[in-house]
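Per-entry structural report
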Amino acid sequence: MVGRKDEQSLARGTSGGAAAPGPVPGLLDGLNPPQREAVTCAEGPLLILAGPGSGKTRVVTQRIAWLITERGARPEEILALTFTNKAAREMRERVERTLDAARMWISTFHAMCARILRREIELLGGWTRDFSIYDTSDRNALLKSVVKASGYDLTRYRPGLVGGWISAWKNTREPGSLPPAEGGMDDEVLGRVMRAYSQALRSNNALDFDDLLLKVLELFDGHAGVRDAYASRFRYVSVDEYQDTNRVQYLLTRHLSSYHGNLAVCGDPDQSIYAWRGADLRNILDFERDFPSPRVVKLEQNYRSKGNILKAAHALIRANSARKEKALWTESEDGDLLTVLECADENDEAREIALQVRALALGGVPYDSIAVFYRVNFMQRALETQLRLARVPYQIVGGVEFYARREIRDLVSYLKLAVNPNDDVAFRRVVNVPRRGVGEQSVERLMSWALDRRVPLLEALRSPEALESIRGRARAGLAAFGELLGRLAEARELPASSALELLLEEIDCDSWLAQMDDDDAGAEREANVDELVTHAREYDRLYPDGGLRGFLQDIALVSDVDGLREGSGGVALMTLHSAKGLEFPVAIIAGLEEELLPHFRALAEGEGDAGLEQERRLLYVGMTRARERLLLTWAANRLHFGQESSRLPSRFLDEIPPELIEGLEHDRDGERDPLGVFEAPEGEYASLKVGDAVEHDHFGRGRVELLQGSGVNARATVCFVDHGNKQLLLQYARLRLSR
DNA sequence: AAATCCGCGTTTTTT
DNA sequence: ACGCGGATTT
């Protein structure tokens, strides 16, 4: 029930799906003319400009089906690139409903590049196929040692900032132009650090996220044969969310489609929200120049949102000056007005949201058809607290990353080290895990020994001479560590789960977790480890040939465990960025305040209004996730940096025509009608009490006689004036309090 | 080498 | 307000 696209038309079109080539009855059924045009355009460049809710995903997946069944394409000739794992997973699932997608490449840019490099990287020299992938925190750890070793001040050249700068440089690659160095950092120094960092990556046999793409580009640029092998294999290339691609991704796309020239991209300039990480709108705006005489299809009919929601979103986005006007329209009725709630502070806001959610739930709206969006992750906390108090089930999408937990990172580092003995970052992370008496001093000593001989730490460890130089307990500890890794070496060729189990045994997981911290988190850590094992087993089952290397690659590129679980029964909580591509019957957007949405950082940077306009697009994306109902909230005070500050409503609220908004009276006593369904009793959450007078759409007026059960099973026995006693499931009966 | 203390930055968004 | 990293104790 949750957040999946195009529910409007799922029932149609796919009924006659078949994996075998041949005409598929109904493949084009239920498609409107532009959608049909896009689906059936197989050859040459194709640009699909798709407004929100216009059935874009459906078109892309149907098009793949069309290519297979009508144009005789083989699955292995299909390459579909997405921007996020979520999008890739969803597209694969959708395609699999009618076809065997196993041999298609449906993945993110990063995953595709990792896959290519596993095969080809040795052509570049300096890396082996066992290379590690460094995420942001690995990158920062490496940068820290690089900055330190180069003798620069770590407070001035903070790894995170330096890393951001390097990443910006790699992603834009504007010839001759460097990203501006912020925070008192010096260009010269940054350049030096960057070179040292690149060198360090190479000696660690590692690549960061940006390198995954860049190395493939390098490969394609330098080895036409390899380039052509891939370009000729992929007869049909498609790229989703093209407005979010950066320069490097654009160049990759060019290469990949260079042989057959069948490139279909789709996107929406109004939904471009990733300029900060190098996304370049010119890619989509200049598509017609880059890939001459393309077919251009506009999908402008919205099947998702009620009229008022669409009108409001459109009014908002029209305030952007740098855009092409689109004629979005819908056949849907106007529906409810938007609701704007002013709240006292962030807790009041969260409480209000919890209350509205409960009211909706009592009115028959399942929790998992409701989503709450926010600009920045820290807003999650207050929402969680209040939802928990209100006993509203919720789930967080994205957010705190599973693989960021310490115990998980440690285990993964061990596995990485087993596969890639050059990975010093992993080595340093686990050399004293579990505690074996190896402190910083000893590691420093080993490091300098290794550095002198330009040898990885693990190799230094194998040298008796190096060990001699370590004193006391640390020597024994290091020796033990070395032996452990020796035994772990066999894990390299094992299935992921077996490798992990071997590791858990070797480090005596239970006692490790027990000694890790005596405070609270023990049980949770244990559960996390169990989940990692489950993941590994799942991976082995799904990809029997993947092995430990494949598993490691997978988790390096998937930050959040699983995103949204369908039918989980909970309200979905996520950032506006994570919301892209999803839809919900009810969307609630919190924190519509100046400085927050638009975010002050966005306002500060960039030429002219670029930052502001991107913030507006972000809200536009959020608003257009809603099907039936849209609720916007803001708080007059908010705790920020531990300090209360008073806030102003977002200018974006003024850009929504007032006649589309129903403002709920703000009343200090909390007595406002939650979406007109229930009134909240003072100091409590909305609920029915025995004796309440109620109204039902069908049965009219009555009085509550009895309340039983809870949650989805909550039932009320109501004595109706005209229909006598009825037992009603509160989840479905739209009971209203009557006064 | 481990435990405790203190000060600083943090809060944009993701692969 | 919080967590991390570095510095300072034990």
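Residues numbered from 1 in each chain as written. Chains lettered and ligands numbered in written order. Predicted model: local features only at pLDDT ≥ 70, side-chain atom pairs only at ≥ 80, totals over all residues. Heavy atoms only, no water.

1. Details of the overall build of chain A
Counting secondary structure elements, chain A contains 29 helices and 22 strands. Total accessible area computed for chain A in this model is approximately 32,000 Å², and 48% of it derives from carbon and sulfur atoms. (Helix = DSSP H or I, 4+ residues; strand = E, 2+ residues; numbered from the N terminus. Areas by Shrake-Rupley, 256 points an atom, 1.4 Å probe, with all protein chains shown as cover.)

2. What to know about a negative patch on the surface
Together, Asp508, Asp510, Glu526, Asp530 and Glu531 line one region of the surface with negative charge. Considering every element that reaches the negative patch, the biggest residue donor is helix H24 (residues 522-542), with 3 residues. Relative to the elements of secondary structure, Glu526 occurs in helix H24. Given a relative accessible area of 41%, Glu526 falls into the partly exposed group. (Patch = residues over 30% accessible without salt bridge, like charges linked within 9 Å, V, L, I, M, F, W, Y side chains within 5 Å. Salt bridge = Lys/Arg side-chain N within 4 Å of Asp/Glu carboxyl O. Lys, Arg positive; Asp, Glu negative; His and termini not counted. Charge placed at Lys NZ, Arg CZ, Asp CG, Glu CD. Buried < 20%, exposed > 50% of the residue type's maximum accessible area, 1.4 Å probe, protein only.)

3. Comments concerning the protein's contact with DNA strand C
Lining the immediate surroundings of DNA strand C are Lys144, Arg381 and Phe641. Between DNA strand C and Lys144, the relevant distance is 3.0 Å, taken from a phosphate oxygen to a side-chain nitrogen or oxygen of the residue. (Near = heavy atom within 4 Å. Polar contact = N/O pair within 3.5 Å; in protein donor to acceptor, adjacent residues only side chain to side chain.)

4. Some points on the environment of Glu342
Looking at the secondary structure, you find Glu342 in strand E9 (residues 338-343). Once the C-alpha coordinates of Glu342 and Glu644 are considered, the two residues, 302 residues apart in sequence, prove to be 17 Å apart.

5. Quick look at the packing of helix H6 (residues 159-172) against helix H7 (residues 187-203)
One way to put it is that H6 packs onto H7 with a least axis distance of 11 Å and a crossing angle of 85°. Between H6 and H7, the crossing angle belongs to the class labelled roughly perpendicular. Note on element contacts: H7 touches H6 through Leu190, Gly191, Val193, Met194, Tyr197 and Leu201, opposite Val162, Trp165, Ile166, Trp169 and Lys170. Of the residues belonging to the contact of H6 with H7, the class tally is 9 nonpolar, 1 polar and 1 charged. (Axes fitted to C-alpha atoms, helices over the stretch in contact; angles between N-to-C directions. Parallel < 35°, antiparallel > 145°, perpendicular 65-115°, else oblique. Contact = heavy atoms within 4.5 Å. Nonpolar A, V, L, I, M, F, W, Y, C, P; charged D, E, K, R; others polar.)

6. Describing the pairing of strand E18 (residues 693-696)
Here E18 shows a clear split, with Val694 and His696 buried on one side and none of Ala693 and Glu695 buried on the other. Here 2 bridges tie E18 to strand E22 (residues 736-737), and the two strands are oriented antiparallel to one another. Note that in E22 the partner of Glu695 across the bridge is Arg736. (Pairing = 2+ DSSP bridges.)

7. Some thoughts on the side chain of Ser497
Residue placement: Ser497 occurs in helix H22 (residues 496-506). A residue is classified by how much of its surface remains accessible, and Ser497, at 11% relative accessible area, is buried. Beyond its immediate stretch of four places on either side in the chain, Ser497 contacts Ala536, Arg537 and Asp540.

8. Concerning the sheet that holds strand E7 (residues 263-267)
Read from one edge to the other, the open sheet built from 6 strands follows the order E3-E2-E6-E7-E1-E8, with strand pairing classed as parallel. Since the sheet does not close on itself, it has two edges, and those belong to strand E3 (105-108) and strand E8 (295-299), each with one partner. This sheet shows a mean twist of 15° between the axes of neighbouring strands, independent of strand direction. Alignment of strand E2 (residues 78-82) against E3, held across 4 bridges, turns out to be parallel. What sits directly across from Leu81, in E3, is Ser107. Packed on one face of the sheet, helix H3 (residues 85-96) meets E2 and E3 and runs near 160° to E3. Here helix H4 (residues 109-120) sits on the sheet and contacts E2, E3 and strand E6 (236-239); the angle it forms with E3, its principal contact strand, is near 115°.

9. Regarding the confidence of the model for chain A
Looking at chain A as a whole, its pLDDT mean stands at 85, while 86% of the residues score no less than 70. Of all the helices and strands in chain A, strand E21 (residues 724-729) carries the lowest mean pLDDT, 65, while helix H9 (residues 224-233) carries the highest, 97. Considering only residues more than four positions removed or in separate chains, one finds that residues 1-23, a stretch of pLDDT under 50, has 58 contacts. Every residue in residues 709-713 is under pLDDT 50, and counting partners more than four places away or in other chains gives 6 contacts. (pLDDT = per-residue confidence, 0-100.)

10. Section: unusual backbone geometry
Of all residues except glycine, most have a negative phi; of all peptide bonds, most are trans. In this structure, Pro434 follows Val433 across a cis peptide bond, with omega equal to -10°. Tracing the chain through its elements places Pro434 in the loop between helix H17 (424-430) and helix H18 (440-452). With omega at 10°, the peptide bond leading from Leu597 into Pro598 counts as cis. Relative to the assigned elements, Pro598 resides in the loop between strand E13 (584-589) and helix H27 (600-604).

11. Structural notes on helix H23 (residues 509-516)
Listing the buried residues of H23 in full gives Cys509, Trp512, Leu513 and Met516. When H23 is viewed along its axis, its buried side chains cluster within an angular range of 95° and face the same direction. Exposed side chains of H23 directed beyond 90 degrees from the buried face belong to Asp510 and Ala514. (Arc of directions from axis to C-beta.)

12. Re the nonpolar core
Formed by 54 residues in total, the largest nonpolar core has its most connected members in Tyr414, Phe427 and Phe481. For this core, the leading source of residues is helix H16 (residues 406-419), giving 8 residues. Here Phe427 is in contact with Leu417, Leu446, Leu457, Leu458, Leu461 and Phe481, once residues within four sequence places are set aside. Residues Leu81, Trp127, Leu207 and Leu212 belong to the second largest nonpolar core, which totals 41 residues. (Core = buried A, V, L, I, M, F, W, Y, C linked by side-chain atoms within 4.5 Å.)

13. Focus: the packing of aromatic side chains
Summed over the entire model, instances satisfying the criterion amount to 14 aromatic pairs. Just above the ring of Phe131 sits the side chain of Arg118; from NZ or CZ to the centre is 3.8 Å. The ring of Tyr274 is capped by Arg277, whose NZ or CZ atom sits 5.4 Å from the centre of that ring. (Phe/Tyr/Trp six-rings, centres within 6.5 Å; stacked < 30°, edge-to-face > 60°. Lys NZ or Arg CZ within 6 Å of the ring centre and 35° of its normal.)

14. Focus: the packing of H4 against helix H10 (residues 247-256)
It is at 12 Å that the axes of H4 and H10 come closest, and there the two elements cross at 60°. Relative to H10, the element H4 lies oblique. With respect to the hand of their crossing, H4 and H10 are arranged in left-handed fashion. Taken together, the residues of H10 that come into contact with H4 (itself represented by Phe109, His110, Met112 and Cys113) are Gln249, Leu252, Thr253 and Leu256. (Left-handed = near helix turned anticlockwise from the far one by under 90°.)

15. Digging into H18
Here H18 spans 18 Å end to end across 13 residues, near enough to the 18 Å set by a 1.5 Å rise per residue. Listed in full, the buried residues belonging to H18 are Ser442, Val443, Leu446, Trp449 and Ala450. Considered in projection along H18, the buried side chains sweep an arc of 125° and stay on one side of the axis. Away from its buried face by more than 90 degrees, H18 exposes Glu440, Gln441, Leu451 and Asp452. Contacts made by the buried residues of H18 are with H17, helix H19 (457-462), helix H20 (464-468) and helix H21 (472-488). Phi turns positive one or two residues past the end of H18, at Arg454, with a value near 50°. (Expected span 1.5 Å × (residues − 1).)

16. What to know about the environment of Pro598
Note on Pro598: relative accessible area 0%, which makes it buried. Those residues in contact with Pro598 that sit more than four places away from it in its chain are Glu593, Leu603, Leu612, Glu615, Ser650, Arg651 and Phe652.

17. Section: the side chain of Ser442
Here Ser442 is to be found in helix H18. You can call Ser442 buried: its relative accessible area is 11%.

18. Description of the environment of Glu76
One can find Glu76 in the loop between helix H2 (56-70) and E2. Take Glu76: its relative accessible area is 15%, and that puts it in the buried class. As a C-alpha pair, Glu76 and Trp105 span 29 residues in sequence and 7.1 Å in three-dimensional space. When sequence neighbours within four positions are dropped, the list of residues in contact with Glu76 reads Arg103, Arg233 and Phe234.

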